[in-house]
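Chain by chain, the residues:
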Amino acid sequence: MDNILVTGGAGYIGSHIVEQLLKMKKRVLIVDNLSTGYKQLINKKAIFFFCDIKNFKNLNKIFKQNKISSVIHLAACLSVGESQKKPKKYYSNNVLGTKNIVECCKRNNIRNLIFSSTCAVYKDKMKIVKENSKVNPKSVYGKTKLLSENLIKTNLKNRKINYAILRYFNVAGASKSGKIGQISKGDQLFKNLSIASLKIRPKINIYGKNYLTKDGTCIRDYIHVSDIAKIHLLVLKKIQKEKKSITLNCGYGTGISVLDAVKEFQKQTRKKIKIMIKERRKGDMEEITACVSKIKKFIKWKPKKNSLSYIVKSCINWEKKIKQY
Ligand SMILES: NC(=O)c1ccc[n+]([C@@H]2O[C@H](COP(=O)([O-])OP(=O)(O)OC[C@H]3O[C@@H](n4cnc5c(N)ncnc54)[C@H](O)[C@@H]3O)[C@@H](O)[C@H]2O)c1
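Residues numbered from 1 in each chain as written. Predicted model: local features only at pLDDT ≥ 70, side-chain atom pairs only at ≥ 80, totals over all residues.

Trainee: Mind showing me how you'd approach the environment of His-232 here?
Mentor: Mapped onto the elements of the fold, His-232 is located in helix H7 (residues 225-242). By C-beta crowding, His-232 is classed as buried, having 25 other C-beta atoms within 10 Å. Residues His-232 and Ile-206, 26 residues apart in the sequence, show an inter-C-alpha distance of 32 Å. Not counting chain neighbours up to four residues away, the residues in contact with His-232 comprise Ile-17, Ile-72 and Ile-114. (Helix = DSSP H or I, 4+ residues; strand = E, 2+ residues; numbered from the N terminus. Buried ≥ 20, exposed ≤ 12 C-beta atoms within 10 Å, placed from the backbone. Contact = placed C-beta atoms within 7 Å.)

Structure (structure tokens):
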């Protein structure tokens, strides 16, 4: 049977992809250095390699010694705020790391590569973006992802390796299995709101209230992690079958403001969340929502969890669960 390698498989989204691949009876290998991943998120049915993708020698050895047919490459650093302060770390981890993955794919007869990109590659203030909309990343994080996309495109163009570049919008929620979800605290709004909403007197920082949006706060397109994970399985099947390479937006096409999210958390927890307005953060985009007609057509995709109330419920349930750990 073919082996599928998932880099970053001990992380939030990676662990959901691994769970779904295993459910489909695939053989899964994970490469992760646990920098932001967790042992608890490593599925016991997968084969785990503690390895840093920056270490080409070790990485190539794993590729060489295992019959890998497809790679799903998620391993990366992903905090917009941190990327502005530590650009070198981001260029090295995200760009050099991807360069190593591409080189291993070329040397080891890999047939398919899926890359986790982001909506942060697009130019700001375009509101709704298509895959061919202008790119111009505002943050260092977005820049490293765009460089990685280009590395993949230029290196794999004339090879027999099909690739899919998936530009995720904002991912939230947790698996129905109750076993996996987001543990690491970064600068994600839904995670911060989930943590806050379990407190007796919840409060939340909002970075900027004077954006040119409907309520002055930033607007994003949130997609449930189970839907994002499923996309990988469907896209992998499709590019393999049709021997195609493609770039796809992964969102629901619904813009949700920071205040919309706060209100939904308040409604579900029946608690008032105290809002503290802070300065805008460098690198944050004003408003971005996905045009999803391309992905819907390509994989005949029908999202299953596309309601704000479901996503918020899923976040709160997971947060309650990990609080008991
Ligand atoms: N979470 C989101 O909303 C979102 C949105 C857009 C894109 N993405 C992309 O999705 C991917 C996964 O994000 P996530 O939210 O699951 O984050 P995460 O931090 O939970 O997962 C990243 C995983 O990669 C591992 N990793 C990082 N650098 C590594 C290295 N050099 N070698 C080996 N392993 C390494 C970490 O230990 C971690 O397990 C990232 O590429 C990210 O850029 C995420």
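Trainee: Help me understand the sheet that holds strand S7 (residues 162-168), please; the structure alone is not making it clear to me.
Mentor: Two pairing modes exist for strands in a sheet, parallel and antiparallel, and in both the strands are linked by backbone hydrogen bonds. Reading across from one edge, S3-S2-S1-S4-S5-S7-S12 is the order of the seven strands in this open sheet, with parallel pairing throughout. What marks the edges here is a single partner per strand, and that holds for strand S3 (47-50) and strand S12 (246-250). Each strand axis lies, on average, 20° off the axis of its neighbour in the sheet, ignoring direction. Summarising the sheet, strand S1 (residues 3-7) and strand S2 (residues 27-32) pair through five bridges and their orientation is parallel. Looking at S2, one finds that Asn-3 is bridged to Arg-27. Each of S1, strand S4 (68-73) and strand S5 (112-118) touches helix H4 (residues 87-107); the most contacted strand, S4, lies at about 165° to it. (Pairing = 2+ DSSP bridges. Axes fitted to C-alpha atoms, helices over the stretch in contact; angles between N-to-C directions.)

Trainee: Can you walk me through the site of the ligand in this structure?
Mentor: Taken together, 29 residues lie around the ligand, and Gly-8, Gly-11, Thr-36, Gly-37 and Ala-76 are the ones closest in. Mapped by element, the contributors of at least two residues to the shell around the ligand are helix H1 (12-23), S2, H4, S5 and strand S8 (170-172). The leading source of residues in the shell around the ligand is H1, at three residues. Class assignment of the residues belonging to the shell around the ligand gives a composition of 13 nonpolar, 13 polar and three charged. (Near = placed C-beta within 6 Å. Nonpolar A, V, L, I, M, F, W, Y, C, P; charged D, E, K, R; others polar.)

Trainee: Quick question: what am I supposed to make of the nonpolar core here?
Mentor: Generally speaking, a soluble globular protein has its nonpolar side chains buried in company with each other. Formed by 90 residues in total, the largest nonpolar core has its most connected members in Val-6, Ile-30, Leu-113, Leu-166, Ile-228, Val-235 and Cys-250. For this core, the leading source of residues is H7, giving seven residues. Domain assignment of the residues forming this core places at least three in each of domain 1 (3-172 + 222-250) and domain 2 (189-220 + 253-288 + 305-323). With residues up to four places along the chain from it excluded, the contact list for Leu-166 reads Ile-114, Phe-115, Ser-116, Ser-117, Ile-231, Val-235, Leu-248 and Cys-250. (Core = buried A, V, L, I, M, F, W, Y, C linked by C-beta atoms within 7 Å. Domains from an automatic or database assignment.)

Trainee: Mind showing me how you'd approach the pairing of S2 here?
Mentor: Consecutive residues of a regular strand have side chains that alternate between opposite faces of the sheet. The element S2 is largely enclosed, with a buried count of five among its six residues. In this region the chain leaves S1, passes through H1 and returns to the parallel neighbour S2; the handedness of that crossover is right-handed. Both S2 and S3 contribute to a ladder of four bridges, which runs parallel. Directly across from Ile-30, in S3, lies its bridge partner Phe-48. (Right-handed = clockwise from strand over helix to strand, strands pointing away.)

Trainee: What should I look at first to understand the pairing of S5 in this one?
Mentor: Of all seven residues that make up S5, seven are buried, and the element is covered over most of its length. Relative to S5, S4 runs parallel, the two being bridged by four bridges. Looking across to S5, one finds that Ser-70 is bridged to Asn-112. In the sheet, S5 pairs with S7 via seven bridges, with the strands oriented parallel. Paired with Ser-116 across the two strands is Leu-166, which belongs to S7.

Trainee: I'm lost on the packing of helix H2 (residues 56-65) against H4 in this one. Help?
Mentor: Each pair of packed helices can be described by the angle between their axes along with the distance between the axes. Running from N to C, H2 and H4 cross one another at 35°; their axes reach a closest spacing of 10 Å. The chirality of how H2 crosses H4 is right-handed. Only Asn-100, Glu-103, Cys-104 and Arg-107 of H4 make contact with H2, whose side of the interface consists of Phe-56, Leu-59, Asn-60 and Phe-63. (Left-handed = near helix turned anticlockwise from the far one by under 90°.)

Trainee: Just to check I follow, could you spell out the domain arrangement of the protein chain for this structure?
Mentor: Often, the extent of an interface is quoted as the loss of accessible area upon association of its parts. Considered domain by domain, the protein chain is made up of domain 1 (3-172 + 222-250) and domain 2 (189-220 + 253-288 + 305-323). The interface of domain 1 with domain 2 comprises 20 residues on the first partner and 16 residues on the second. When residues of the side of domain 1 that touches domain 2 are traced back to their parent elements, those giving at least two are helix H3 (80-85), strand S6 (127-129), S8, strand S11 (222-224) and H7. No other element matches the four residues that H3 contributes to the side of domain 1 that touches domain 2. By residue class, the composition of the side of domain 1 that touches domain 2 is eight nonpolar, seven polar and five charged.

Trainee: It is not clear to me how unusual backbone geometry should be interpreted in this structure. Could you clarify?
Mentor: Residues other than glycine predominantly adopt negative phi, and peptide bonds predominantly adopt the trans conformation. For Asn-109, which is not glycine, the phi dihedral falls at a positive 60°. Among the secondary structure elements, Asn-109 is positioned in the loop between H4 and S5. The exposure class of Asn-109 is exposed, given the 12 C-beta atoms found within 10 Å. Here Lys-125, not a glycine, exhibits a phi torsion of approximately 65°, which is positive.

Trainee: What is the right way to read helix H10 (residues 308-323) from this model?
Mentor: Each α-helix turn comprises 3.6 residues. Residues three or four places apart therefore point the same way. For H10, built from 16 residues, the straight-helix expectation of 22 Å at 1.5 Å per residue is met to within 8% by its first-to-last C-alpha distance of 23 Å. Listed as buried for H10 are Ile-311, Val-312, Ser-314, Cys-315, Ile-316, Trp-318 and Glu-319. Summarising the contacts, the buried residues of H10 are in contact with S8, helix H6 (189-197), S11 and helix H8 (258-269). (Expected span 1.5 Å × (residues − 1).)

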